[in-house]
Amino acid sequence: MTQRFKRPDHKSALSLIEAAEREMRFTLQLPITEESGSTIIKNIYDNFRKLGDAILVREGSEPRGHDPSIKRMLQLNVPTPRPIGLIETLRTTRSNVQYYGYIPTASDTEDAVDFAKKCFPALLQEVKKIIAGGKN
C-alpha cells in the first residue's frame, strides 16, 4: 500500500495516542481466557499500529494499510526489554486470528500481554516526544 501526503495534523496524532493509551490500559486488564485471547491480541496489535499511525499523521502522511505504520514503529530507536521487531510476530498472530479463524492459545495471549507491558510504555513515550516536536 502507498501513503498519501497531506498537511501534518498534530491534533489527530494526539487523538490516536490517547486512544491507544486508553485502549491498551483497558485491554491489559482483561482476564486471559480462551474466549478473550483473540480480542486481547487484536487490541494489543492495533494499539501499537495506532502509535505508528500517529507518527505518520504528524509527519503529514496518511497511512493506507498497516505496513507504513508498523514500518515507522520499527524505525524507532528505543531501548525496550524485548525487541520491538516482535511487533511483526504479533501482526502475524493477529492476522491469523482475524482472517483464518486461528484461536490463540493462552501462551500466545500471555506472550502478547508480556510484550505489551514491557514495550508499549517506552514506545508510547517516544511517540509522544515525536508528536510534541521532539526527536524522530
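Quick caveat, the model's predicted, so the values are computed rather than measured.

**Thoughts on the packing of helix H1 (residues 10-27) against helix H5 (residues 106-131)**
It is at 11 Å that the axes of H1 and H5 come closest, and there the two elements cross at 165°. In this view, H1 runs roughly antiparallel relative to H5, as classed from their interaxial angle. For H1 against H5, the interelement crossing comes out left-handed. Every residue of H5 that contacts H1 at His10, Ala13, Leu14, Ile17, Ala20, Glu21 and Met24 is listed here: Ala116, Phe120, Leu124, Val127, Lys128 and Ile131. Classifying every residue of the contact of H1 with H5 gives 10 nonpolar, 1 polar and 2 charged.

**Re the nonpolar core**
Formed by 31 residues in total, the largest nonpolar core has its most connected members in Ile44, Phe48, Leu123 and Val127. Every element with two or more residues in this core is listed here: H1, helix H2 (37-59), helix H3 (67-74), helix H4 (86-100) and H5. Element by element, the count of residues in this core is highest for H5, at 11 residues. Once residues lying within four places of it in the same chain are set aside, the contact partners of Val127 are Ile17, Leu51, Ala54, Ile55, Met73 and Leu76.

Procedures and definitions
Residues numbered from 1 in each chain as written. Predicted model: local features only at pLDDT ≥ 70, side-chain atom pairs only at ≥ 80, totals over all residues. Heavy atoms only, no water. Axes fitted to C-alpha atoms, helices over the stretch in contact; angles between N-to-C directions. Helix = DSSP H or I, 4+ residues; strand = E, 2+ residues; numbered from the N terminus. Parallel < 35°, antiparallel > 145°, perpendicular 65-115°, else oblique. Left-handed = near helix turned anticlockwise from the far one by under 90°. Contact = heavy atoms within 4.5 Å. Nonpolar A, V, L, I, M, F, W, Y, C, P; charged D, E, K, R; others polar. Core = buried A, V, L, I, M, F, W, Y, C linked by side-chain atoms within 4.5 Å. Buried < 20%, exposed > 50% of the residue type's maximum accessible area, 1.4 Å probe, protein only.

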